[in-house]
Every structure is written in structure tokens, then in C-alpha cells.
Amino acid sequence: MDRVDAERSMTERDTAAEAEMPKRPPRVGGGTAEGRDDECQTVAARSESVESKSDCLMSKVVRRENVKAAYERVVRNRGAAGIDGMTVEELLLHCHAHWEEIRRQLLDGTYVPSPIRKAEIAKPDGGTRTLGIPTVLDRMIQQALLQVLQPIFVPTFSEASFGFRPGRSAQQAVVRAREHIAAGHRWVVDLDLEKFFDQVNHDVLMSRLARRVKDKDVLRLIRRYLQAGMMKNGLAAPRTEGTPQGGPLSPLLSNILLDELDKELESRGHRFVRYADDCNVYVKSKAAGERVMASLESFLRGRLRLGLNREKSAVARPWSRTFLGYSVTVHRRPKLKVSPKSVKRLRSRLRQLFRRLRVQRLGLVIEELVPILRGWVGYFQLSEVRGVFEDLDQWLRRRLRCILWRQWKRPRIRFKKLRQHGFAPDRAAISAYNGRGPWWNAGASHMNQAIPTAYLRRLGLLSLLEEHARLGCPR
């Protein structure tokens, strides 16, 4: 069956659930779904108040165009399978066979999400982050929910909130942070919410949702997603708090909850920037920062039932802290720069890649290396301090020469390779039999001459410094 027919079958008779379309004939044993159609038509005729817009959201969630867009987004994002093992390639056929029943359950409020698969990934600064991987079907339904809820909530969010919002990015957040520092707010209250995604209180979050969403079926479904069991080693553990990262809905839910923090900061007249659970408040003195830290800790615990990680939170100078991978210089007009932590993280990641590919030909190593470098410099393109890119270029070239020196293994082979690269016999012998380690030799003059930068560039190596300049970054 072709894709168009399969997609059409997912939403057969779907227009009957839409208020602006003719009502479908009653279905025997239709349960409560038919009653919802009449209700939707009645609500559509009401005045366009905020409350009436929030009614009958579930009919919009399961609308053909919305579900199709959600399906395409899930397929485009790909991702791992959930506990049922279904891949994104298998989702269309599954929907073709079962969508009518799934849609009926969504409309009458009986749909129950599958447990999510637990996965843990290492954090760059130590510890682990828990991810919850829903099934691809639940990811599609969450995406459909997200597409309907975003127009309701996003326009009401603070201008200082940048995380997981259409048309906003981390780069915009760090630029706003620099503006606050340049305006004379040269102390930062760096808030680190303790295990935020693991400790979100469901009752508090649902109360914030219910302020603008009146469709009880939507609220019920979201709570079921929040409470869906976490599957690990074949056992599903129930959840009473937290909204694990991994589902399309989690970022929006986190913004809805933390929007109350934004509104509190705005009411106090503070300058701040928030990206998801990373929040920086900019003040003019250390004493003011300590007062803000204490009052916000009390507010978070009392109103949102969230705690601060005191070890990672601090009142400090902005140039001593990292925000979204960036830091700033101490100048009166501060410049953005790549933070030392970000450089350390990149080097650690690349060491793992070099270790995995150390027996491969150099061209293959560079082929896997380049996409990582291109993405990294693209993110840090706003950096106004260029020295870090030049230092990394030198380090990368030395690493690649080190791989070659190791691959040549024995002095006899090294002598032969150096001769092939144009060395005289005497110098080739001295270099090949010097008895020093690979890293020393990788930085020595004989390897720089045998494997020059031009040679590595011909193999496809990307220069971070040149890529940074090509992107039109500030100098």
C-alpha cells in the first residue's frame, strides 16, 4: 500500500470530528466520541474568548493535518525505539492498521500511553542524566499535542525565555546576557535547579496547565504521560514526579512551569536570561546577588516545589561562570568567548573518537571528525576571541600526526615512511630511531615536515579558525 493511501486511512472520517465540517452519521456503539462532535460544533459558534479557544482541543489534536505534521516530524527526527521495539519506519503501517481505534480512545479519554524506556547518559561534568524514550506512537501523539498547545502558551512566555521556543536559540540567549553585563550588571546569580526534569511536581505542573487548558481529555492525557511507568530491566516503575527528557512534550511542560519564575523575576524588575532550566540573573553588586539568591531559593521551594543545587549555583562575576557553553571577557564592553569547560568537553569527545579510529586510515578519521568540528564551530560562531580556535587547530593536527606515528609502529617502518616523504637517509634514521613517544614525535619538526598542514587539508581536514571566519563571526 502506498504512503498516501496509508496516511488517508489514518484519518478516515476525521472531518466528522471538526467543528467547521459536516457532522458524520452516528456510529453504533460510538461511546462518548459522538457527543464530543456536537459539543465541538457548539463551542466553535461561541465568541473567541481565551477559555473557548481552549475547549475541544482534543479534536484539534487528532485532526488529519495536525497528525500528519506530527508524523512527519517524528520520522524526520528519527530516534531510538521505545519498549515495543517499533521503529519510525514501521509507524505508518501501524497507524494504517490501528489509527481509528487510537483516535477513538483519544477522543473518549480512554487512551493509555505505553511505559517509557529508561536510558542514562553521562553528563560532561560528571553524573548521569536520565532520559525517557517513549514509543514512536506516543512520540507522534505528544508531538500532535505540542503543536496544538504551543500557540496557546508560547505567546504568553517571557521575552527573557529562550529555550525550546520557535524562532529562539541559545545564541540569542548569550547575546542578551552580554547586553545585561555591558549595561553595568556585572554580577550574576547563576541558578542551577537540582535535577529539575526528575523532580517536577505533577500537581503543580497540572495546575499551571489547567489555567489555560479547559479540555479535560487533554489534561487527563498529559497527566497520564507524566505518570507513565519507567521501564528498566523488564520492570515498569510508576512515577509520581518528574518529566524525563526524551519526549516532544517535556520541553514545553518545563517552560510552562518555569514561566512562573520568569513572571516573578519580571515583577521584581530583574534583568535575567533563562534557557530551559539554566537561569542567570544579572545584578550590580555581590550583596544584591546574595539577596536575590536567597529569595529565589525560597520562592522556588515554596511555589514550585523545586530545589537549588547549592554546589553549582553561585553569585559570581560573569567571566568566571559558563552560560550555555559561553563565557565573557572582563572588558567594560565584554566579548563572548568559548568557555574553558566547552573546550575541555570537545577535546574529551575527540580523544574518544581518535581512540576508536586509531587503526583506520587517516582519511577515514578526518571524514568522521569534520562533521563534529563543523557543528561545534557553528554553535560557537559568536565567539569574539579567536585564539581558542587556533589552539584547537594545532592540537588536532598534532593528534592526527600522532595517529600516523603509532600506525607506523616500528622504527624500520618509520624510517621507510619518512624516506617516502622526502627525508634524507641520515635525518630519517635519526628521527625514526629517536626512542621518544608518539605524542612528542607528533609535535616534532620531522612530523610537521613529513605531514604538513597542506597534506591534512587535502585529506579534508577542516580549519576551525577559517570556518569561524567564513561564518562571518565578529573579530
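Residues numbered from 1 in each chain as written. Predicted model: local features only at pLDDT ≥ 70, side-chain atom pairs only at ≥ 80, totals over all residues. Heavy atoms only, no water.

In this structure, Met140, Ile222 and Val281 are the most contacted members of the largest nonpolar core, which totals 72 residues. The biggest single contributor to this core is helix 7 (residues 136-153), with 11 residues. In this structure, Leu353, Leu373, Trp408 and Ala450 belong to the second largest nonpolar core, which totals 54 residues. (Core = buried A, V, L, I, M, F, W, Y, C linked by side-chain atoms within 4.5 Å. Buried < 20%, exposed > 50% of the residue type's maximum accessible area, 1.4 Å probe, protein only. Helix = DSSP H or I, 4+ residues; strand = E, 2+ residues; numbered from the N terminus.)

Moving on to the layout of surface pockets. Estimated volume of the second largest pocket: approximately 490 Å³. Around the second largest pocket, the lining comprises 18 residues; the ones closest to its centre are Asn77, Gln143, Gly247, Pro248 and Pro251. Put simply, the parts of the chain that give the lining of the second largest pocket at least two residues each are helix 5 (64-77), helix 7 and helix 12 (250-267). For the lining of the second largest pocket, the leading source of residues is helix 7, giving 4 residues. Split by residue class, the lining of the second largest pocket holds 7 nonpolar, 8 polar and 3 charged. (1 Å grid on protein atoms, 1.4 Å probe; cavity = no way out; pocket = protein on both sides within 12 Å on 5 of 7 lines; lining within 4 Å. Points joined across faces, edges and corners; volume = space filled by probe spheres on them. Nonpolar A, V, L, I, M, F, W, Y, C, P; charged D, E, K, R; others polar.)

Another aspect to go through is the pairing of strand 7 (residues 278-283). With 5 of 6 residues buried, strand 7 lies mostly within the body of the structure. The pairing of strand 3 (residues 187-192) with strand 7 spans 6 bridges and is antiparallel. Looking across to strand 7, one finds that Leu191 is bridged to Cys279. Sheet topology places strand 6 (residues 271-275) next to strand 7; 5 bridges connect them, and they run antiparallel. When the bridges of strand 7 are listed, Val273 appears paired with Asn280. (Pairing = 2+ DSSP bridges.)

Before going further, it helps to spend a moment on the packing of helix 15 (residues 362-379) against helix 16 (residues 387-408). Here helix 15 crosses helix 16 at 165 degrees, and the two axes come no closer than 12 Å. When the axes of helix 15 and helix 16 are compared, the pair comes out roughly antiparallel. Here helix 15 runs over helix 16; the crossing is right-handed. On helix 16, the residues touching Leu362, Val365, Ile366, Leu369, Leu373, Trp376 and Val377 of helix 15 are Phe389, Leu392, Leu396, Leu400, Ile403 and Leu404. Among the residues forming the contact of helix 15 with helix 16, the class breakdown is 13 nonpolar, no polar and no charged. (Axes fitted to C-alpha atoms, helices over the stretch in contact; angles between N-to-C directions. Parallel < 35°, antiparallel > 145°, perpendicular 65-115°, else oblique. Left-handed = near helix turned anticlockwise from the far one by under 90°. Contact = heavy atoms within 4.5 Å.)

For the protein, per-residue confidence averages 86 on the pLDDT scale, and 84% of positions sit at 70 or higher. Residue range residues 6-55 is modelled with pLDDT below 50. Its contacts to residues more than four positions away, or to other chains, number 78 contacts. (pLDDT = per-residue confidence, 0-100.)

In this section: the packing of helix 12 against helix 13 (residues 286-304). With their axes 11 Å apart at the nearest point, helix 12 and helix 13 run at an angle of 140 degrees to one another. Put simply, helix 12 runs oblique to helix 13. For the crossing formed where helix 12 meets helix 13, the hand is right-handed. Contacts from Leu257, Leu258, Glu260, Leu261, Glu264 and Leu265 of helix 12 reach helix 13 at Leu296, Phe299, Leu300, Arg303 and Leu304.

Further remarks concern the sheet that holds strand 8 (residues 314-316). One open sheet accounts for 4 strands, arranged 6-7-3-8; its pairing is antiparallel. Edge positions in the open sheet fall to strand 6 and strand 8, since each of these has one partner strand only. Pairs of neighbouring strands in the sheet enclose a mean axial angle of 15 degrees, with direction left out of account. For strand 3 and strand 8, the ladder comprises 3 bridges, and the chain directions are antiparallel. Bridge pairing in strand 8 links Val189 to Val315. Across the face of the sheet, helix 8 (residues 170-182) comes into contact with strand 6 and strand 7 while running at roughly 165 degrees to strand 6.

This part takes up helix 13. Its 19 residues place the ends of helix 13 26 Å apart at the C-alpha level, agreeing with the 27 Å of an ideal helix rising 1.5 Å per residue. Turning to helix 13, its buried residues are Ala288, Gly289, Val292, Met293, Leu296, Glu297, Phe299, Leu300 and Leu304. The arc enclosing the buried residues of helix 13, seen along the axis, measures out at 170 degrees, which places them on a common side. In helix 13, the exposed positions that point more than 90 degrees away from the buried face belong to Arg291, Ser298 and Gly302. On its buried side, helix 13 packs onto strand 3, helix 10 (202-210), helix 12, strand 7 and strand 8. (Expected span 1.5 Å × (residues − 1). Arc of directions from axis to C-beta.)

Relative to the elements of secondary structure, Arg168 occurs in the loop between helix 7 and helix 8. Taking C-alpha positions, Arg168 is 9.9 Å from Tyr275, a pair spaced 107 residues apart along the chain. Every residue in contact with Arg168, bar those within four places of it in the chain, is listed here: Ser158, Glu159, Ser161 and Phe162. Of note is the side chain of Arg168, whose polar atom sits 2.7 Å from the side chain of Glu159. (Polar contact = N/O pair within 3.5 Å; in protein donor to acceptor, adjacent residues only side chain to side chain.)

Bringing the packing of aromatic side chains into the picture now. Summed over the entire model, instances satisfying the criterion amount to 8 aromatic pairs. Summarising the aromatic geometry, the rings of Tyr326 and Phe380 are spaced 5.1 Å apart at their centres and angled 55 degrees between planes, so their arrangement reads as tilted. Taken as a pair, Tyr326 in strand 9 (residues 326-328) and Phe380 in the loop between helix 15 and helix 16 lie far apart in primary sequence, 54 residues in all. Residue Tyr326 is classed as buried on the basis of its relative accessible area of 2%. Taking relative accessible area as the criterion, Phe380 reaches 5% and is therefore assigned buried. (Phe/Tyr/Trp six-rings, centres within 6.5 Å; stacked < 30°, edge-to-face > 60°.)

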